[in-house]
Amino acid sequence: DAKTTQPNSMESNEEEPVHLPCNHSTISGTDYIHWYRQLPSQGPEYVIHGLTSNVNNRMASLAIAEDRKSSTLILHRATLRDAAVYYCILRDHGKNFVFGPGTRLSVLP
Amino acid sequence: NAGVTQTPKFRVLKTGQSMTLLCAQDMNHEYMYWYRQDPGMGLRLIHYSVGEGTTAKGEVPDGYNVSRLKKQNFLLGLESAAPSQTSVYFCASSFRGVPYNEQFFGPGTRLTVL
């Protein structure tokens, strides 16, 4: 299974954009890139996913490198509520998710 | 809709005791999953089910059993609890056939085995 590498932790100031990187150099052509986040004392929640093209939704944007070996989750204006652990996960159709340790994002007021 | 609910929220067991964790979902999802999360780590898949009456092993199935007698419920059993099973347990569910397989998670059960 392809693996992902994320920084252990990041900090951001409130109301500023945040770019969370993920490296996945062994990604296969059929792996989807998923992002989930886990707020303190809660279960994970879906953020966004993509395959090849950049994606936007109400929560975030996903920028995928042209060679697909890396991606970046973009929070356009961080709020205190965005403080969480963010997981970048590769998943091929029909296979299960494999969660790594993720990136712990702290948002400073 | 309540989404995914888990019972109980907290539990303390002694080594060797047994217990069952209940997961229920009201979204008519075909797929259900049990994960465990140890401190500072990501989630690891214990068992999962792709439909009523089916179960399959995940990454860390030893010491656990599961049953899916009804589509909306997925039970996780510990027959003889061990301190190594101290963890937070999360249940999740998803639709079948959705390419990106968005999973909806419950709030978790914090289990301590003494």
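Structure shown above.
Procedures and definitions
- Residues numbered from 1 in each chain as written.
- Chains lettered and ligands numbered in written order.
- Predicted model: local features only at pLDDT ≥ 70, side-chain atom pairs only at ≥ 80, totals over all residues.
- Heavy atoms only, no water.
- Helix = DSSP H or I, 4+ residues; strand = E, 2+ residues; numbered from the N terminus.
- Contact = heavy atoms within 4.5 Å.
- Polar contact = N/O pair within 3.5 Å; in protein donor to acceptor, adjacent residues only side chain to side chain.
- Pairing = 2+ DSSP bridges.
- Core = buried A, V, L, I, M, F, W, Y, C linked by side-chain atoms within 4.5 Å.
- Buried < 20%, exposed > 50% of the residue type's maximum accessible area, 1.4 Å probe, protein only.
- Buried area = accessible area lost by both parts, 1.4 Å probe.
- Salt bridge = Lys/Arg side-chain N within 4 Å of Asp/Glu carboxyl O.
- Disulfide = S-S within 2.5 Å.

Peer 1: For this particular structure, what's the right way to read the environment of Thr54 of chain B?
Peer 2: Residues and elements named next belong to chain B. Its location among the elements puts Thr54 in the loop between strand 5 (43–49) and strand 6 (56–57). Separated by 14 residues in the primary sequence, Thr54 and Arg68 have C-alpha atoms spaced 6.5 Å apart. Here Thr54 is in contact with Ser49 and Arg68, once residues within four sequence places are set aside. Looking at Thr54, its side chain comes within polar contact range of the main-chain oxygen of Gly51, at 2.8 Å.

Peer 1: Would you explain the side chain of Gln37 of chain B in this entry?
Peer 2: Residue position: Gln37 of chain B is located in strand 4 (residues 31–37). Here the side chain of Gln37 of chain B touches Gln38 of chain A through a polar contact of 2.9 Å, side chain to side chain. Engagement of the side chain of Gln37 of chain B in a polar contact is seen with the backbone oxygen of Met41 of chain B, the distance being 3.0 Å. When near neighbours in sequence (up to four residues on either side) are disregarded, Gln37 of chain B contacts Gln38 and Tyr87 of chain A together with Gly42, Leu43, Ser87, Val88 and Phe90 of chain B.

Peer 1: Explain the sheet that holds strand 5 (residues 55–56) of chain A here, please?
Peer 2: One key point about sheets: their strands pair by backbone hydrogen bonds, in either a parallel or an antiparallel sense. All names here are of chain A. Spatial strand order, 2-7-6-5: four strands in an open sheet with antiparallel pairing. On the outer flanks of this sheet lie strand 2 (18–23) and strand 5, each paired with one strand and no other. Pairing of strand 6 (residues 61–64) with strand 7 (residues 70–75) involves four bridges; the strand directions are antiparallel. By the bridge assignment, Ser61 is partnered in strand 7 with Ile74.

Peer 1: Honestly, the nonpolar core in this entry has me stumped. Any pointers?
Peer 2: Considering soluble globular proteins, one finds that nonpolar side chains tend to be buried as a cluster. Judged by nonpolar contacts, the single largest core of 21 residues is most densely connected at Leu20, Ile33, Trp35, Leu73, Leu75, Tyr86 and Leu105 of chain A. Sorting the residues of this core by element identifies strand 2, strand 3 (31–38), strand 4 (45–50), strand 6, strand 7, strand 8 (84–92) and strand 9 (103–108) of chain A as the ones contributing at least two each. Looking at this core, the element that brings in the most residues is strand 8 of chain A, giving four residues. Counting 20 residues, the second-largest nonpolar core is a separate cluster that includes Val4, Phe74, Leu78 and Val113 of chain B.

Peer 1: Can you walk me through the interface of chain A and chain B in this structure?
Peer 2: Size of an interface: often given as the accessible area lost when the parts come together. Taken together, the contacts link 18 residues of chain A with 19 residues of chain B. Interface of chain A and chain B: buried area, both sides summed, is about 1,500 Å²; carbon and sulfur atoms make up 57% of it. Together, Asn96, Phe97 and Phe99 of chain A form the three largest contributors to the area buried by chain A at its contact with chain B, with a combined 31%. Counting the contacts that link chain A with chain B gives zero salt bridges. Those elements that place two or more of their residues in the side of chain A that touches chain B are strand 3, strand 4 and strand 8 of chain A.

Peer 1: Help me out: how do you make sense of the side chain of Ser71 of chain A in this one?
Peer 2: All names here are of chain A. Its place among the elements puts Ser71 in strand 7. In this structure the side chain of Ser71 is engaged in a polar contact, spanning 2.9 Å, whose partner is the side chain of His24. Leaving out residues up to four positions away in the same chain, Ser71 has contacts with Leu20, Pro21, Cys22, His24, Ile33, Trp35, Leu62, Ala63, Ile64 and Cys88.

Peer 1: So what exactly am I meant to see when it comes to the state of the cysteines here?
Peer 2: When the sulfur atoms of two cysteines share a covalent bond, that bond is a disulfide. Summed over the entire model, instances satisfying the criterion amount to two disulfides over all chains. Note on cysteine connectivity: Cys22 of chain A is disulfide-linked to Cys88 of chain A, with sulfurs 2.1 Å apart. Between Cys22 of chain A and Cys88 of chain A, the S-S torsion sits near -85 degrees, and that sign places the bridge as left-handed. Taken as a pair, Cys22 of chain A in strand 2 and Cys88 of chain A in strand 8 lie far apart in primary sequence, 66 residues in all. Since its relative accessible area comes to 1%, Cys88 of chain A is described here as buried. A sulfur-sulfur distance of 1.8 Å marks the disulfide that ties Cys23 of chain B to Cys91 of chain B. With the S-S bond torsion at -75 degrees, the cross-link from Cys23 of chain B to Cys91 of chain B turns out left-handed. Note that Cys23 of chain B is positioned in strand 3 (residues 19–25) and Cys91 of chain B in strand 9 (residues 87–94), a separation of 68 residues in sequence. An identical accessibility class is assigned to Cys23 of chain B and Cys91 of chain B; each is buried.

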